[in-house]
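# Tertiary structure, described
Each chain is listed here by its residues.
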Protein chains: 2
Amino acid sequence: MTDVNALERILRSDEDVPPERAAELSAMLDQPPIRDVVRLVERSTATRAAVVLRLLSRRRSIQVFDALDAAHQADLIDALGDRAVYEFFAELDPDDRVSLLDELPAEIAERFMRTLDDSERDITGVVLGYPRGSIGRRMSPEVPHIYEDMSVDETLEKLRLVADDVETIYTLPIISRDRLLVGVTSLRKLFTAEGSAGVAELMDEPVFAGAHDDAEETARWFLPLDILAMPIIDESGRLVGMLTFDDAVDIVEEADSEDAARSGAHEPLQQPYLSTSLFRVVRSRIVWLLVLAVSALLTVQVLGAFEDTLAAAVVLSLFIPLLTGTGGNTGNQAATTVTRALALGDVRPRDVLSVAWRELRVGMLLGALLGAIGFILASLVFGLDIGIVIGSTLFLVCTMSATVGGVMPIIAKKVGADPAVFSNPFISTLSDATGLVVYFLIAKSVMGL
Amino acid sequence: MTDVNALERILRSDEDVPPERAAELSAMLDQPPIRDVVRLVERSTATRAAVVLRLLSRRRSIQVFDALDAAHQADLIDALGDRAVYEFFAELDPDDRVSLLDELPAEIAERFMRTLDDSERDITGVVLGYPRGSIGRRMSPEVPHIYEDMSVDETLEKLRLVADDVETIYTLPIISRDRLLVGVTSLRKLFTAEGSAGVAELMDEPVFAGAHDDAEETARWFLPLDILAMPIIDESGRLVGMLTFDDAVDIVEEADSEDAARSGAHEPLQQPYLSTSLFRVVRSRIVWLLVLAVSALLTVQVLGAFEDTLAAAVVLSLFIPLLTGTGGNTGNQAATTVTRALALGDVRPRDVLSVAWRELRVGMLLGALLGAIGFILASLVFGLDIGIVIGSTLFLVCTMSATVGGVMPIIAKKVGADPAVFSNPFISTLSDATGLVVYFLIAKSVMGL
């Protein structure tokens, strides 16, 4: 531990690393576990990260580069210089290579592709051929060809030959002679079986996905099954690749970071917070803030329309933040619940009516509770009139907000938007305006203004 | 697909399954892929889920039960009846068994433990011995003992014998004769090596964790390393178990669901949304709503203190939701960014000053932009005085909210609370009150009220 912290202090200072210290630093970097070095690189600016990678031994530097996000890798390209990058690039698995290519400007991506040898380029091209966001982009196209008529011994022999080229030899797809997927087996099963047995006897019903399926959805249902890898097939049922658990983990992780960011009304940073430039942090937030502020102009309009009512009973303005806040919170609760349920697949778009009906009842229950408390407190302090207004507004606002909050993420998904976009602040801002209208209409009729 | 939907319709209807249909349903349930059956069970109430499990073949029913969350399994206990549950329980891996025991009332948990045979009980007891929230609770205690002086052939022989009892044989910890962890190797390496070679020659530097380490933190740094499993050691460096990637996925998934819920100001549901009772949904939200509503009483106080100012210039009340909303949004952006960064380990508690300094500058930049726009718009519509008040309030509110929003999750973590607790709505509610004080102080001095 102390090693990495000392290194971090040295690397955080703005001075350049003097050549005479390079050997010493290099030796220091060789000691800590690889995960600490990855963490160190992730927390550094691109220039500093490049220095660290150059100081590492060749094998460790490839491991570290491999462990970084594609966005972070892309940032390092400039700082590293072409030679080092080409070498890292060639060592990546084809699917990780494609993720990195996606982050690079087109002409740089092409230059990178040209550095690959023919077979590597072909295999990378397979992955590039699937649409963005599809699982085909994230699969490993290098799979061992195990035919259903092979014996266990023949299969083991074949695996020994290809073991260095494929991403996994633990989960094994079994195919017919025309490459149709017929089943899966595992090295574990082969390993404990009789050598003369046929692989077909060890075959299980395969869990698989289509190469054009949505990457996030596929990864979400695949991961809880606790299996290491599954075959990916094309439209005619032919084996085209394997999705390994670690690629699925990456996909879900990216999606969750995006959802967390959107629910907080900003864009995901792509990079560790402390190594992101101030400008990028501002950029990830400003558009959302502006959109929300412009929507909030609606509340200024609403209040402007009721300015006479407000002037006649200034006491009404005291409750504005309480009422809009409570409406926003109730809406957020419903929205985050449904957004998460959609992401996990627990709720599907066609469940929209069940969700609306549930949230309507939940909202009424919450509204009845809060409304009763609001009625009692406000009556005691501000009189019966205000008590009735506050109590009934709370009831209505909670009911509306919960229903709208629950339904919005589903509508977003139906129109092809990210459900998390309609979470938290967006729902608050929209429910503020309607809540205020309800409030003043009730106040006008109860208080006779 | 149609199969499962048809099944779902049958099972959603409230009628009981008549005995003469049981065989037909049983046959229908045997066809769809296991993941669809899991989904179906997850979306059903406990009673219905129990019916499905009883209709499944023995092997499939165990697979399905195994794939459910511990909370969901616990819910099924009553509906399933003891005999079936004991059988499922005995089939679970020791770590999953402990997760289920944690969800059950103590006397039921004890009754379950008594159903295990001696060796199973011992091994489960090992896992139960570690503190809640530690990685020791989630590891697999059944590991093959590969000693550093064994040859590849001896190791493979041993693995064949224990393959059925251990959770993974793909990542293999290597230990000294006194059980100290000395390295790791993989079945893949053994498989392609010479049989007479020593395992020590194939050994890599191990990635490992301590059994008392925090489960969430450990799972978070382990998963991005893309390895299948890692050894877990006790304080003296002895091997006590393995953490497999699927258990790490479960841990991170639970933590993310919890964070998503907290950032939306409610408690996580533990179960798929549609199969959770209305009462539980209300309970997961009401406490937060009450706490937030009570904190919002502070805004009523603040506005009450400035009631004279409001009466003198009712126009000021028009901007209340805009200003509190913008402050809340800026605070939320900072809070969700930092909460996520803390969860991923990108930010550590001791970075609090760097975070505060970043967010102060980000807040000032955002505030300057929004303030400038607010100044122009408000000046044009409501006159220069109001323009100055709105512009400068926006600037100060953004600066304060971003700084406070960024620092709060770190403070929460330092005092041992969940950082997500201080996300979104909580920060909004708190920043509302301070924002309003700033607003009225500026208004009073600029407008001379």
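Note that the coordinates shown come from a computational prediction; the quantities given were computed from them, not determined experimentally.

### A short note on the interface of chain B and chain A
On the chain A side, the residues contacting the 113 residues of chain B number 113 residues. Of the roughly 10,000 Å² buried between chain B and chain A, counting both surfaces, carbon and sulfur atoms make up 62%. Per-residue buried area on chain B facing chain A is highest for Arg188(B), Phe191(B) and Tyr273(B); these three make up 8% of the total on that side. At the boundary of chain B with chain A, the tally comes to 4 salt bridges. Counting the contacts that link chain B with chain A gives 36 residue pairs in polar contact (both at pLDDT 80 or more). Among the elements that line the side of chain B that touches chain A, the one with the most residues is helix H15 (residues 278-305) of chain B, at 16 residues. When the residues that make up the side of chain B that touches chain A are grouped by side-chain class, the tally is 61 nonpolar, 25 polar and 27 charged.

### Describing the sheet that holds strand S2 (residues 171-175) of chain B
Residue and element names in this part refer to chain B. With mixed pairing, the 3 strands of this open sheet are ordered in space as S1-S2-S3. What marks the edges here is a single partner per strand, and that holds for strand S1 (146-147) and strand S3 (181-186). Relative to S2, S1 is paired through 2 bridges, and the arrangement is parallel. Across the sheet, residue Tyr 147 finds its bridge partner in S2, namely Ile 175.

### What to know about the pattern of salt bridges
Counted under the stated rule, the structure contains 44 salt bridges over all chains. Here Arg280(A) ties to Asp75(A) by a salt bridge, and the two come within 3.4 Å at their closest N and O atoms. Of this pair, Arg280(A) sits in helix H15 (residues 278-305) while Asp75(A) sits in helix H6 (residues 70-80); the two residues are 205 residues apart in sequence, bridging distant segments of the chain. Under the relative-accessibility criterion, Arg280(A) is labelled partly exposed at 32%. Here Arg60(B) makes a salt bridge to Asp30(B), at a shortest N to O gap of 3.6 Å. On the criterion of sequence distance, the pair formed by Arg60(B) in helix H5 (residues 58-67) and Asp30(B) in the loop between helix H2 (19-29) and helix H3 (34-42) is long-range, its members being 30 residues apart. Among the ionic contacts, a cluster of salt bridges with common partners joins Glu216(A), Arg220(A), Asp256(A), Arg340(A) and Glu253(B).

### Things to note about the domain arrangement of chain A
Under the domain assignment, chain A is made up of domain 1 (2-129), domain 2 (146-254) and domain 3 (277-447). The distance between the C-alpha centroids of domain 2 of chain A and domain 3 of chain A comes to 49 Å.

### A look at the nonpolar core
Counting residues in hydrophobic clusters, the biggest one holds 92 residues, and the most contacted among them are Leu187(A) and Leu187(B). With sequence-adjacent residues up to four places away left out, Leu187(B) is seen in contact with Tyr170(A), Leu187(A), Phe191(A), Leu156(B), Leu159(B), Ile169(B), Tyr170(B) and Leu172(B).

### Some remarks on the environment of Arg121(A)
All names here are of chain A. Counting through the fold element by element, Arg 121 comes out in helix H10 (residues 118-128). By relative accessible area, Arg 121 is classed as partly exposed at 29%. Separated by 97 residues in sequence, Arg 121 and Glu 24 place their C-alpha atoms 39 Å apart. In this structure Arg 121 touches Met 113, Arg 114 and Leu 116, once residues within four positions along its chain are discounted.

### Looking at the relation of the copies chain B and chain A
When chain B is brought onto chain A, the operation consists of a screw motion whose angular component is 180° and whose axial shift is 0.0 Å, with 0.1 Å RMSD remaining. The transformation relating the two chain copies, once decomposed into turn and shift, fits a two-fold axis.

### Concerning the environment of Thr324(A)
All names here are of chain A. Note that Thr 324 resides in helix H17 (residues 320-344). For the pair Thr 324 and Ile 233, spaced 91 residues apart in the sequence, the C-alpha separation amounts to 51 Å. Ignoring anything within four residues of it in the chain, the contact list for Thr 324 reads Asp 432 and Leu 436.

### Brief notes about the packing of aromatic side chains
One pass over the full model with this rule turns up 14 aromatic pairs over all chains. Between Phe245(A) and Phe245(B), the aromatic rings sit 3.7 Å apart at their centres with planes inclined by 35°, giving tilted as the arrangement. Taken together, the positions of Phe245(A) in helix H14 (residues 245-263) and Phe245(B) in helix H14 (residues 245-263) put the pair across two chains. Assessed through its relative accessible area of 2%, Phe245(B) is described here as buried. Ring centres of Phe306(A) and Phe440(A) lie 5.0 Å apart, and the angle between their planes is 15°; this geometry places the pair in the stacked category.

### Description of the pairing of strand S5 (residues 229-233) of chain B
Residues and elements named next belong to chain B. Counting buried residues in S5 gives 5 out of 5 residues, a clear majority hidden from the surface. Across 2 bridges, the pairing between strand S4 (residues 209-210) and S5 is parallel. When the bridges of S5 are listed, Gly 210 appears paired with Ile 233. For the crossover from S4 across helix H13 (residues 215-222) to S5, the handedness is right-handed. Where S5 and strand S6 (residues 239-244) come together, 5 bridges link them in antiparallel fashion. Bridging across to S6, Ala 229 finds its partner in Thr 244. Taking the residues that link successive antiparallel strands as the turn, the S5-S6 hairpin has 5 residues, and the phi of Gly 237 there is positive, at about 85°.

Procedures and definitions
- Residues numbered from 1 in each chain as written.
- Chains lettered and ligands numbered in written order.
- Predicted model: local features only at pLDDT ≥ 70, side-chain atom pairs only at ≥ 80, totals over all residues.
- Heavy atoms only, no water.
- Contact = heavy atoms within 4.5 Å.
- Buried area = accessible area lost by both parts, 1.4 Å probe.
- Salt bridge = Lys/Arg side-chain N within 4 Å of Asp/Glu carboxyl O.
- Polar contact = N/O pair within 3.5 Å; in protein donor to acceptor, adjacent residues only side chain to side chain.
- Helix = DSSP H or I, 4+ residues; strand = E, 2+ residues; numbered from the N terminus.
- Nonpolar A, V, L, I, M, F, W, Y, C, P; charged D, E, K, R; others polar.
- Pairing = 2+ DSSP bridges.
- Buried < 20%, exposed > 50% of the residue type's maximum accessible area, 1.4 Å probe, protein only.
- Domains from an automatic or database assignment.
- Core = buried A, V, L, I, M, F, W, Y, C linked by side-chain atoms within 4.5 Å.
- Least-squares fit on C-alpha atoms with pLDDT ≥ 70 in both.
- Phe/Tyr/Trp six-rings, centres within 6.5 Å; stacked < 30°, edge-to-face > 60°.
- Right-handed = clockwise from strand over helix to strand, strands pointing away.

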